[in-house]
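# Observations on the model geometry
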Amino acid sequence: MIKINENYLKLASSYLFAEIGRRVAAFQEQNPQKEIIRLGIGDVTRPLTKACVDAFRKAVDEMGETNGFRGYGPEQGYGFLREQIAKNDYQARGADIGAGEIFISDGAKCDSGNFQELFAQDIIVAVPDPVYPVYVDTNVMAGRTGGAAGGRYEGLVYLEGTPQNGFVPEPPKEHVDLIYLCFPNNPTGSVATKDQLKAWVDYARAEKALILFDAAYEAFISDPDIPRSIYEIPGARDVAVEFRSFSKTAGFTGTRCAFAVVPASCMVYDGSGKAHSLKDLWNRRHTTKFNGVSYPVQRAAEAAYLGDGPAQIRSTVDYYMANAKLIKEKMSSLGYTCTGGVNAPYIWIECRGDSWKFFDMLLNAAGVVCTPGAGFGKCGEGFIRISAFNSRENVEKALERIEKAVKKT
Ligand code: PLP
């Protein structure tokens with residue numbers, strides 16, 4: 001008899017976006033004429049920039065020529081892309097990261113989900129609440145938690161993000177081994193200052209813990225004082241892995257390219273306390289289970305750093321951030337307290353009550369889809385997330401409808 005991994009049975013069954021889809025479909029069926037505007041999803045809407053498309057095409061052509069054809073590439077990624085990343089994303093900002101410490105992948109979702117495989121079953125895991133669900137669910141699947149009760153899994157340490165701490169939790173008083181952090185944050189749009197990240201790096205060094213830092217939204221940071229990478233904090237090289245992605249930065253959600261940074265100085269320990277290189281372990285896992293991102297996609301990602309690429313990408317990011325500004329200004333003018341939307345494409349809005357009820361009100365009265373905060377964890381209740389990933393026209397129309405709907409209630 002083939003038996004299942006019963007940890008999968010612990011996973012909360014109603015996945016947030018499936019439930020949103022169900023409610024939207026039911027509304028559409030009852031109101032077939034009504035045009036729905038989706039400000040709920042975290043997917044980008046603008047096309048790939050010209051620089052990336054040109055590089056992508058050129059590389060596809062190369063693949064069709066005898067001299068240009070490439071078969072399996074290096075699992076860790078081609079040197080041309082790893083070098084651009086190390087130079088532009090890290091060394092240019094004073095962070096001491098080399099090309100050999102970068103592992104190209106097909107997504108920050110996969111990397112942030114897969115990384116926990118390297119660690120023992122009995123480690124203590126700390127996750128933010130509210131949170132991008134992948135960190136929690138992959139630890140549940142791996143059997144590091146008990147069952148779910150009251151929206152939380154037994155055995156995890158939850159780092160609460162609240163209005164009081166500006167949605168930037170402090171290190172816990174107790175010991176933990178593995179810490180997930182995400183800044184700019186999905187869903188709250190909050191960012192961490194250098195001092196706040198330093199507290200986490202100091203904690204991890206003192207506790208011999210490891211930070212998994214998800215920086216998928218770093219391109220949206222405009223404040224020069226906010227760190228874009230955890231490696232801008234002295235000492236982070238020894239205790240932190242960073243995940244980044246071209247998904248939101250360069251519109252690669254459908255093209256797929258991302259990377260993990262695993263510094264050579266990062267050590268992890270076996271049962272006897274002996275230190276091992278985390279980079280070597282990840283390299284072993286990556287080369288065993290992953291066969292690399294395709295050559296044309298890596299060339300397209302490289303173009304994000306060359307010639308007109310950076311300016312074109314900047315203009316797409318600016319477009320979304322202008323949407324974010326409109327959303328934040330309108331919701332604030334309607335009396336809602338908002339976080340995010342300045343250095344992040346998400347606006348986290350206190351809806352003063354049940355977040356699914358507010359979701360239903362916006363859907364029914366305005367035909368606008370948001371994301372109820374309750375879907376991101378217990379601390380997300382009482383909030384909704386609105387995303388800036390849409391056309392200006394749709395955002396303006398949605399905000400007009402929201403204003404009318406809210407004024408009626
Ligand atoms: N990390 C965070 C915090 C996200 O919000 C998302 C996507 O929404 C991802 C990672 C996924 O990135 P990728 O498309 O590279 O898998």
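Residues numbered from 1 in each chain as written. Predicted model: local features only at pLDDT ≥ 70, side-chain atom pairs only at ≥ 80, totals over all residues. Heavy atoms only, no water.

### Considering the overall build of the chain
- Regarding its fold elements, the chain presents twelve helices and 17 strands.
- The globule rule puts the C-alpha radius of gyration for 409 residues at 22 Å, and the 22 Å found for the chain is close to it.
- Along the three orthogonal principal directions, the C-alpha set of the chain runs to about 60 × 55 × 55 Å.
- Residue burial in the chain is summarised as follows: out of 409 residues, 55% are buried.
- Of the roughly 18,000 Å² that the chain leaves accessible, carbon and sulfur atoms contribute 51%.
- Charged side chains of the chain number 47 positive and 49 negative; the gap between the two group centres comes to 3 Å. (Helix = DSSP H or I, 4+ residues; strand = E, 2+ residues; numbered from the N terminus. Rg over C-alpha atoms; globule rule 2.2 N^0.38 Å. Buried < 20%, exposed > 50% of the residue type's maximum accessible area, 1.4 Å probe, protein only. Areas by Shrake-Rupley, 256 points an atom, 1.4 Å probe, with all protein chains shown as cover. Lys, Arg positive; Asp, Glu negative; His and termini not counted. Charge placed at Lys NZ, Arg CZ, Asp CG, Glu CD.)

### Comments concerning helix 5 (residues 134-141)
- The buried count for helix 5 comes to six of eight residues, which makes it a mostly enclosed element.
- Taken residue by residue, helix 5 has Val-134, Tyr-135, Val-136, Thr-138, Asn-139 and Val-140 as its buried positions.
- As for helix 5, its buried residues are in contact with helix 4 (108-114), strand 3 (125-129), strand 5 (152-153), strand 7 (178-182) and strand 8 (210-214).
- With its phi angle positive at about 85°, Gly-143 sits one or two positions after the end of helix 5. (Contact = heavy atoms within 4.5 Å.)

### Section: the pattern of salt bridges
- The full count for this structure, using the stated rule, is 23 salt bridges.
- A salt bridge links Asp-129 to Arg-152, with the nearest nitrogen and oxygen atoms 2.6 Å apart. Taken together, the residues span a long stretch of sequence, with Asp-129 in strand 3 and Arg-152 in strand 5 at a distance of 23 residues. Of the two residues examined, Asp-129 and Arg-152, each falls in the buried class.
- Among the ionic pairs, Arg-244 bridges to Glu-218, the shortest N-O distance being 3.5 Å. Remark: Glu-218 occurs in the loop between strand 8 and strand 9 (240-245) and Arg-244 occurs in strand 9; sequence separation between them is 26 residues.
- Judged by relative accessible area, which is 8%, Glu-218 ranks as buried.
- Put simply, Asp-89, Glu-218, Arg-228, Glu-242 and Arg-244 are held in one network by salt bridges that share partners. (Salt bridge = Lys/Arg side-chain N within 4 Å of Asp/Glu carboxyl O.)

### Some points on the packing of helix 1 (residues 16-30) against helix 11 (residues 355-366)
- Packing of helix 1 against helix 11 leaves a shortest axis separation of 11 Å and a crossing angle of 35°. Considering how the two elements wind past one another, helix 1 and helix 11 form a crossing that is right-handed. Here helix 1 contributes Leu-16, Glu-19, Ile-20, Arg-23, Val-24 and Phe-27 to the contact with helix 11, which in turn contributes Trp-356, Phe-359, Asp-360, Leu-363 and Asn-364.
- Split by residue class, the contact of helix 1 with helix 11 holds seven nonpolar, one polar and three charged. (Axes fitted to C-alpha atoms, helices over the stretch in contact; angles between N-to-C directions. Left-handed = near helix turned anticlockwise from the far one by under 90°. Nonpolar A, V, L, I, M, F, W, Y, C, P; charged D, E, K, R; others polar.)

### Focus: the site of the ligand
- Close to the ligand lie 14 residues; Asp-214, Tyr-217, Ser-245, Ser-247 and Lys-248 are nearest.
- Taking Lys-109, its main chain carries an N or O atom lying 2.9 Å from an oxygen atom of the ligand.
- Surface burial for the ligand is 91%, taken as the share of its 390 Å² of free accessible area covered by protein chains.
- Residues of the shell around the ligand, tallied by class, amount to six nonpolar, four polar and four charged. (Near = heavy atom within 4 Å. Polar contact = N/O pair within 3.5 Å; in protein donor to acceptor, adjacent residues only side chain to side chain.)

### Focus: the sheet that holds strand 6 (residues 157-160)
- Pairing in this open sheet of seven strands is mixed, and the strands run 2-10-9-8-7-3-6 from one edge to the other. The sheet is open, and its two borders are formed by strand 2 (102-105) and strand 6, each paired with just one other strand. Strand-to-strand, the axes of this sheet are offset by a mean angle of 20°, without reference to chain direction.
- Direction of pairing for strand 9 relative to strand 10 (residues 258-261): antiparallel, over a ladder of four bridges. Among the inter-strand pairings, Glu-242 is bridged to a residue of strand 10, identified as Val-261.
- Along the sheet face, helix 8 (residues 278-289) touches strand 2, strand 8, strand 9 and strand 10 and points at about 25° away from the line of strand 2. (Pairing = 2+ DSSP bridges.)

### Concerning the domain arrangement of the chain
- Partitioning the chain into domains gives domain 1 (6-47 + 310-408) and domain 2 (52-305).
- Summarising the inter-unit geometry, the C-alpha centres of domain 1 and domain 2 are found 26 Å apart.
- Listed by partner, the interface residues are 31 residues for domain 1 and 44 residues for domain 2.
- Here domain 1 packs against domain 2, burying approximately 3,000 Å² in sum over the two surfaces, 62% of which is carbon and sulfur.
- Taken as a group, Lys-10, Asn-343 and Cys-379 account for 21% of the area that domain 1 buries against domain 2, more than any other trio of residues on that side.
- Linking domain 1 with domain 2 are zero salt bridges. (Domains from an automatic or database assignment. Buried area = accessible area lost by both parts, 1.4 Å probe.)

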